[in-house]
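Per-entry structural report
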Amino acid sequence: MNDMMKKLTGDSSFDLGNWVLDNIVTIIFWVFIILGMLTAKDLSLNGFFTELCNRFYRNAFLILSLIIPVIAGLGLNFGIVVGAIAGQLAIIAVRYWGINSELVGGTAFGGLGGLLLMFVIALPIAAIIGWLTGTLYNKTKGQEMIASLIVGYFGNGVYQFIVLFLIGAVIPVAAAHPMILYDGVGIRMSVDMGSTTYALDNLLQIPFVPFMIAAAAFVLLFVLWNQFIRKPKVEGQSYKMNPLKFWVYVILAAGVLAYFVMQLMTGGPMNDVRQVPVVLMLVIAALAIFNQWIMNTKLGQDFRSCGMNQTIAEANGINVDRTRVIATVISTVLAAWGMIIYLQNMGTLNTYTAHNNVGYFSVAAILVGGASVDKATIGQAVTGCLLFHAMFILSPEIGKAVFGQAALGEYFRTFMVYGVIGLSLGLYVWRANKRAKLAMPKEDEE
Amino acid sequence: MNNGILEFVNVGKEYSGHAVLKGINMDVRPGEIHALIGENGAGKSTLMNILFGMPVIHSTGGFTGEVRIGGEDAKIMNPHDAMMQGIGMVHQEFMLIPGFTITENIKINREITKSSLMSKVFGKRMESLEHAAMATDARKALDTMGMDIEEYTKVHGLPVGHMQFVEIAREIDKTGIRFLVFDEPTAVLTESETEHLLNAIRKLAAQGIGIVFISHRLDEIIRLSDRVTILRDGEWVATEETKNITAAEIARLMVGRALTLDRAEGDRKVSDEKIMTVDNLRVNMPGEEVKGVTFDVHRGEILGIGGLAGQGKLGIANGLMGMYPVTGKVTFKGEPLDVMKTNETLKKGVAFLSEDRKGVGLLLQSSIEENIAFTAMEVHNKFLKKVGPFTLTDDKAIRENAEKMVKDLDIRCTSVTQNTGALSGGNQQKVCVGKALSLDPELLLVSEPTRGIDIGAKKLILDLLKDLAEKRGMTVIMTSSELAELRSICDRVLIICEGKVAGELSPFDSDEVYGLMMSGVSKEEAMKAAGAAQKKAGGEANG
Amino acid sequence: MGKKIGDFINRIGIPTFAVGLLLVVLLIAAGVMGQSIPTLISDILKRVGMNGLLVLAMLPAIKSGTGPNFALPVGIEGGLMALIVCMQFDFSGWALMGASAVLCIVFCIILGWLYGQLMNAVKGAEMTIATYSGFSIVAFFNILWLAIPFSNRKMGWMLGNGLRETIQMKGFEADKILSDFLAFEIAGIKFPTGMILVLAFFCLLSWLFFRTKTGMAIFAGGQNPRFAEASGLNIDRNRIIANILSTILAGLGIIMYSQGYGYAQLYNGPLNMAFPAVAAVLVGGATASKASIPNVLIGVCLFQGLMTTAMPVMNQIFTGTDLSDIMRIIIQNGVILYALTKVKSGGDR
């Protein structure tokens, strides 16, 4: 088996056991989803895909915001919760004015304009918070992940203090405003996103099936071009995939292409899946390109240097602490924007709870895609997002189908969220410790 | 390209009143290979730290004297200044990132970039990388040394020899490199890799780069260098044209009689009984690897283990105590000893004073009495008493024992409840001795017993060890970097070089022999060379 | 003078000082505002008794070098499971307390042993992994609460399967059974003798334990692993013992908490219970690598004192908003963050 894989991947150092350990979480999820698909009989395919796509559009941006801190050696930034909080503060501000204007029949601060204003306002707030948390991570080196988790809780406390008390008590607001609690202090439990709801989603939509056909065709062509035509920028380097990977991609892309062409022709259930919000997809793609682009700058190279070895980076004159702060600021700002995108899709901001699970869910998702404490790619973020949310949708269905209790499925998926994080992080540390362990002395090499 | 001479003029350095460098004068000419040699603590690394403006120098009050390049004060206040002056260093421990390609490592933090729209708005760090140009530069640097490895391979998995060349390539790729320091560059290389490296160094020198070559291998120094400077105890001893000096002479100058610790004479009576035998011991202690040593220890003797830092002498005692992975056969009092089971070893009567007093020897935040009692309590169930269903610590016994040790060993403290972290180095060492004595050991392993202890206290510690052997009949294995102290109390001295026993010497053998053997020369050759050198010296004196 | 104050703050630690000062201010405010001080003190004593063991569970973990036990829910779930199993068999009153304590020790030895193994495998990142172990086990037990067919009607939903979110201790004659044991009242202050006695008993037991050979060995291994290794100790084994003890204390702690509170909280009740306990021991002057019984006791008194006093005072000043809970969140996590900045990094990743 191992030898066969060695041949197929063209990698002589390939080790099946290591490969399984590297990808254990992803494998578990694939198995779970396939079993789930088989057991959940009442599942409607178009319903499932509509839900999955919805969740993808909502969450992809947030998950992508995790990549840079991983590369810069900060590990998984559970602290994107404070970024989400920054986004929510911006939403609250803009919606406050927006509702004011709606009350007199205006449309100011609504729609796409309102949404863009949210992005603009969130930027400085998130940047400042990111700078503070980045500084804190520098003071807790080696413990960044637990620190980032606690930062989320701490930020939640401060945020609640602001929206529940400062707004109204210190920041003057109109007591009769529909967003403000009855006694004139604090924001209500939920804030309606008003006309900013779907402001991005609805901008330009195309049907799902043609989109998938185009996407699959693009992937297929790209893979072929990459394998046979593409010239490397630097001599000697190669972009070629190993034969196994190449064929998996080709077969998958071709299969998807064929399936959706069939669907188009036969008018199958896939035609009922919700339309694809092109602009939102472009925004997500833009972030992916941004991530890729920044890794090709001096700053990106410094991120990598710091992530690989802080001591050596420092010895070569890179300001490690500053670089790490920049990584955190970028991540926090992206998380703030991600949260705004998330909420424009949701339609309502649950003022006091919306941000709570952002950290866990996003981190779990990227881990499911195969990322770890020290490596994360765009591909992993995207696959992780899809796999994780597929599990999320399927769990209650499976609970119902197998145990007759949907609630069991819901508890099960919470278990999967924490379990995935615990398992991935635990395995990572365990393997690192094992590698660091001193070997028995070797007999003479002469 | 290079016309300035690098000069150290009367350079001195003190660490909190303690002089580690005194009035060093040395110069390195362009295109010259200048070897620098000295025992541990001779001041080589301090001198290099000054050259590179390391924070450790400037955060401790700077240095006296001047470093000049081309006759002008170089004013090197930090590593960046050193780089701007064209001074580079090839480290003993590689400063390479395994996950990066060779090009990326060579170009780390000196990446070639081109400006873009984003960089015009957000600053230089947003400039994008020019991979092709970087690769070209890397290729050029590799070619300079005749390396045909591909510049886009990852460093991870390269043979160590190649890693060394990547390090060098990084230095010579820095524009205007004028001086290059090599710190023990051949320590990790195989013979053929070493040859390749020495050739590369010659090539660099031929291009006008001034080379400082730090090594303990005398043969390499003789073969490679144009001049050699010898340091000893922070002082300049000699600078000679290499062709005018022999290895034996260098060895003698390097070792010298730094401080004469009187040896109260005669040979001690040592029994023939072998209390411990060690056969093919290998220890994987990072930085002090032991690669197969064999020796016997006689009951009642003080066996010295000497050698330069990094050669593995410290690994022996640590290995015997099971602090690192070990293979090999050890017997103690005729029975086989499984050294990986530290508890067993301690139970059978072996005790250990670690070279790392603060890190391994003591609980710094606990009291003297607890420190002294702890190991004996854990190993021999001493100092415990039954109270009802519980077996608790016997505070009274602990205190009595500690007070006795304080008196016997003359530990200076306010009381036995004082934390050991607050004691001076000498007194901490005595607490460690007290801790070991509470175990009633038959064999005592002592590593670097006087490290970081001032001169007066050193003598006390050494006398104490001698007393243990002479009055209590204890067997002692003492490992030390200071030959003088080994020779002052040991009955025999094993010299360890490159993880193996280079040979056994008597404390009365000459400095040359000690120096040569520490540099890896075999005992016979060392004896011969030393004899010749002495004859020559005698002849010169006569003539 | 200023220097003296500075020295004083440094000696007792910034968190202890800040929380202590805040508590004093709040107590004075409570007095000025006409709150009943004896009632407040009674409440503080009650909450100290309820939370004491949970905070004491931090002691062995910190001393062994594992760091604060962020996986407190592991023990808590063990304790709850013991309680539920005993309820299933209709134990009540003192029998319930006794039987569940014994069963809890059995469960927690198993759970603690497993958890200890895990902690040894992930040295250097114990706190992060511990947190997720805690979360995971809560989620896992959520499934158990629903899936195991417990049949005692006092614990089930009116309809459907599975256990209720909260189970009344009253139904098993165990409501405040320890709190009220030998309780007496002086000057309006109700003293929960039973709980305080139990807490004192376990403090004494811990004190004795850390004076035994094993206890000393655990402590040495936590303070300086290299030293312990050179003394021939099996550090991994000792860390496991310490984590078993911590887990047992957490299990017993939740039984004590439940009787004092009057309800056993299942499902997500234990999810975030580790954080207040960690914060409390830190407030008491402990660090991530050093703790003592006084740290535990001072910490639980200050932290719970603050929480108890803050609620009525804050609610009186700012009616309508629950600022005291926000204050708890900020202080609790602020204290933990502060402690994290003092942790020496285990090295480069």
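Being a predicted model, the structure only gives us computed values, none of them experimental. (Residues numbered from 1 in each chain as written. Chains lettered and ligands numbered in written order. Predicted model: local features only at pLDDT ≥ 70, side-chain atom pairs only at ≥ 80, totals over all residues. Heavy atoms only, no water.)

On to the pattern of salt bridges, then. Residues and elements named next belong to chain B. Under the definition given, this model contains 54 salt bridges over all chains. For the salt bridge of Asp 137 with Lys 107, the shortest nitrogen-to-oxygen distance reads 2.7 Å. Here Lys 107 lies in the loop between α4 (102-106) and β7 (113-114) and Asp 137 lies in helix α6 (residues 131-144), a separation of 30 residues in the sequence. Overall, the relative accessible area of 24% leaves Asp 137 in the partly exposed class. Between Arg 217 and Glu 498 there is a salt bridge whose closest N-O contact spans 2.9 Å. (Salt bridge = Lys/Arg side-chain N within 4 Å of Asp/Glu carboxyl O. Helix = DSSP H or I, 4+ residues; strand = E, 2+ residues; numbered from the N terminus. Buried < 20%, exposed > 50% of the residue type's maximum accessible area, 1.4 Å probe, protein only.)

What follows is about the sheet that holds strand β24 (residues 500-505) of chain B. All names here are of chain B. Strand order in the open sheet formed by six strands is β18-β21-β22-β15-β23-β24, with mixed pairing between adjacent strands. At either end of the open sheet lies a strand with only one pairing partner, and these are β18 (350-353) and β24. Strand-to-strand twist of the sheet, defined as the mean angle between neighbouring strand axes without regard to direction, takes the value 20°. Relative to strand β23 (residues 492-497), strand β15 (residues 302-306) runs parallel, the two being bridged by four bridges. Within β23, the residue paired with Gly 306 across the bridge is Ile 495. (Pairing = 2+ DSSP bridges. Axes fitted to C-alpha atoms, helices over the stretch in contact; angles between N-to-C directions.)

Attention shifts here to the interface of chain A and chain C. Facing the 50 residues of chain A at the interface are 42 residues of chain C. Together chain A and chain C conceal approximately 3,900 Å² of surface at their shared face, both sides included; 71% is due to carbon and sulfur atoms. Of all residues in chain A, the largest losses of buried area upon contact with chain C belong to Gln143(A), Tyr411(A) and Tyr418(A), amounting jointly to 17% of the total for that side. Scanning the region where chain A abuts chain C turns up zero salt bridges. Our count for the contact surface shared by chain A and chain C stands at three residue pairs in polar contact (both at pLDDT 80 or more). Counting residues per element, the ones that place at least two in the side of chain A that touches chain C are α7 (111-139), α8 (144-169), α13 (310-315) and α17 (406-436) of chain A. Sorting elements by how many residues they give to the side of chain A that touches chain C places α17(A) first, with 16 residues. (Contact = heavy atoms within 4.5 Å. Buried area = accessible area lost by both parts, 1.4 Å probe. Polar contact = N/O pair within 3.5 Å; in protein donor to acceptor, adjacent residues only side chain to side chain.)

In this structure, Phe303(A), Ile421(A) and Trp145(C) are the most contacted members of the largest nonpolar core, which totals 240 residues. Tallying contributions element by element places helix α14 (residues 320-346) of chain A first for this core, with 14 residues. Taken together, domain 1 (18-202 + 277-429) and domain 2 (208-274) of chain A each give at least three residues to this core, which thus spans both. Here Ile421(A) is in contact with Phe78(A), Tyr360(A), Val363(A), Ala364(A), Leu367(A) and Tyr132(C), once residues within four sequence places are set aside. Ile209(B), Val290(B), Leu314(B) and Cys490(B) belong to the second-largest nonpolar core, a separate cluster that totals 135 residues. (Core = buried A, V, L, I, M, F, W, Y, C linked by side-chain atoms within 4.5 Å. Domains from an automatic or database assignment.)

Here we take up the side chain of Gln304(C). Here Gln304(C) lies in helix α13 (residues 293-317). With residues near it in sequence (within four places) discarded, Gln304(C) still touches Arg47(C), Val48(C), Asn51(C) and Gly299(C).

What follows concerns the domain arrangement of chain A. Residues and elements named next belong to chain A. Domain assignment breaks chain A into domain 1 (18-202 + 277-429) and domain 2 (208-274). Between domain 1 and domain 2, the C-alpha centre-to-centre distance is 28 Å. Contacts between the two partners involve 12 residues from domain 1 and, on the opposite side, nine residues from domain 2. Between domain 1 and domain 2 the total buried area reaches about 810 Å² when both faces are included, carbon and sulfur atoms providing 67% of it. At the boundary of domain 1 with domain 2, the tally comes to one salt bridge. One salt bridge in this structure joins Asp 201 and Arg 274, with 3.5 Å as the shortest N-O distance.

Moving on: the interface of chain C and chain B. Facing the 19 residues of chain C at the interface are 30 residues of chain B. Along the contact surface separating chain C from chain B lie one salt bridge. For the interface between chain C and chain B, the tally reads nine residue pairs in polar contact (both at pLDDT 80 or more). Of all the elements in the fold, those that place two or more residues in the side of chain C that touches chain B are α8 (193-209), α9 (213-223) and α10 (225-230) of chain C. The leading source of residues in the side of chain C that touches chain B is α9(C), at six residues. Across the side of chain C that touches chain B, the residue classes break down as nine nonpolar, five polar and five charged. (Nonpolar A, V, L, I, M, F, W, Y, C, P; charged D, E, K, R; others polar.)

Let us look at the domain arrangement of chain B. Residue and element names in this part refer to chain B. One can read the domain layout of chain B as domain 1 (1-85 + 178-245), domain 2 (98-176) and domain 3 (274-510). Taking only C-alpha atoms, the centre of domain 1 and the centre of domain 3 are 36 Å apart. In this complex, domain 1 contributes four residues to the contact, which on the side of domain 3 involves eight residues. When domain 1 packs against domain 3, close to 510 Å² is buried across both sides, 45% of that on carbon and sulfur atoms. Interface area lost by domain 1 to domain 3 is led by Glu 39, Asn 40 and His 216, which between them contribute 87%.

Residue and element names in this part refer to chain B. Phi angles above zero are rare outside glycine, and Asp 233 is one such case at about 50°. Mapped onto the elements, Asp 233 comes out in the loop between β11 (227-232) and β12 (235-241). On the basis of relative accessibility, which here comes to 39%, the residue Asp 233 falls in the partly exposed class. Phi angles above zero are rare outside glycine, and Asn 381 is one such case at about 55°. One can find Asn 381 in the loop between α14 (368-380) and β19 (384-387). For Asn 381, a relative accessible area of 46% translates into the label partly exposed.

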